[in-house]
Amino acid sequence: IGIFTLKAFTTQGEILYIFELMNIPLVCSYAGYFILGYYISYIGIDKKYHRLIYISAFLSAVCNVIFGNLLAQKHQEPVADVYDSYGFFTFIIVVAIYLYFTEHKEKFAFSSKNSRLVQELSACTLGVYVMHVGLMEIFKNSGFHPLSFPMIIGVPIFAIICFILCTFIAAIVRRIPFVGK
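Every value quoted in this text rests on a predicted model; they were computed, and no experiment measured them.

A word on the overall build of the protein chain. Assigned secondary structure in the protein chain consists of eight helices and zero strands. Moving toward the C terminus, one meets the helices and strands of the protein chain in the order α-α-α-α-α-α-α-α. When the 181 residues of the protein chain are sorted by exposure, 27% land in the buried category. Taken as a whole, the protein chain presents about 12500 Å² of accessible surface, with 69% of it coming from carbon and sulfur.

Let us now look at the pattern of salt bridges. Scanning all chains against the criterion turns up three salt bridges. With a shortest N-O distance of 2.6 Å, Arg174 and Glu120 are connected by a salt bridge. On the criterion of sequence distance, the pair formed by Arg174 in helix H8 (residues 151-174) and Glu120 in helix H7 (residues 112-141) is long-range, its members being 54 residues apart. Residue classification places Arg174 among the partly exposed positions, given a relative accessible area of 31%. Taking the relative accessible area as the measure of exposure, Glu120 reaches 22% and is therefore partly exposed. Its salt-bridge partner being Glu120, residue Arg175 comes within 3.1 Å of it at the nearest N-O pair.

What follows covers the side chain of Thr90. Position of Thr90 relative to the elements: it lies in helix H6 (residues 88-104). Residue Thr90 is classed as buried on the basis of its relative accessible area of 15%. In contact with Thr90, other than residues within four places in its own chain, are Tyr33, Asn64, Val82, Tyr83, Asp84 and Ser85.

A few words on the environment of Phe139. For Phe139, the position within the fold is in helix H7. It is 9.6 Å that separates the C-alpha atoms of Phe139 and Phe158, two residues lying 19 residues apart in sequence. In this structure, Phe139 is in contact with Phe144, Phe158, Ile161 and Leu165, ignoring residues within four places of it in sequence.

Before going further, it helps to spend a moment on the environment of Val65. Here Val65 lies in helix H5 (residues 50-75). Assessed through its relative accessible area of 33%, Val65 is described here as partly exposed. Expressed as a C-alpha distance, the spacing of Val65 and Ile152, which sit 87 residues apart in the sequence, is 7.7 Å.

Residues Ile55, Phe58, Leu59, Val62, Ile66 and Leu70 make up a contiguous nonpolar surface patch of about 530 Å² in total accessible area. Within the fold, Leu59 resides in helix H5.

What counts and what doesn't
- Residues numbered from 1 in each chain as written.
- Predicted model: local features only at pLDDT ≥ 70, side-chain atom pairs only at ≥ 80, totals over all residues.
- Heavy atoms only, no water.
- Helix = DSSP H or I, 4+ residues; strand = E, 2+ residues; numbered from the N terminus.
- Buried < 20%, exposed > 50% of the residue type's maximum accessible area, 1.4 Å probe, protein only.
- Areas by Shrake-Rupley, 256 points an atom, 1.4 Å probe, with all protein chains shown as cover.
- Salt bridge = Lys/Arg side-chain N within 4 Å of Asp/Glu carboxyl O.
- Contact = heavy atoms within 4.5 Å.
- Patch = residues over 30% accessible without salt bridge, like charges linked within 9 Å, V, L, I, M, F, W, Y side chains within 5 Å.

Below, the structure written as structure tokens:
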């Protein structure tokens, strides 16, 4: 269980102290994602653990929804912290998705048209990564927020819209001489 969830549902300082010693925010930070991605890509995770990771990801998604709803009821408003990029449950889900695509990348056969699309998307990912937080803040300040809708709909739709807009902007910026290099 993530630190945020423990803080929300417990008052026992001992449990929080133990989890804070584990420094989960450091492990689940962008540096942690980068290091783990490198590890999965170049060293790999033993196949006997893949099923455990996939099951954990499914359970983490369920926990995200359950804890998100419980916290929303407790605070009488949507609480986004459960879905935070640094959250433990989100980290498990991201690991499973990355592991799946790393494991099955050879099985994807693309036509030349789709291959160009995948290459373009790949070339834009750094731009998406850099811009997505800023775009999310712009949306939030303008009143468009994923938690303005039911979470089961709002979060995925918001993620898709954010990805498409950031990809479009990154594709344009990449084509500007000296800027896109």
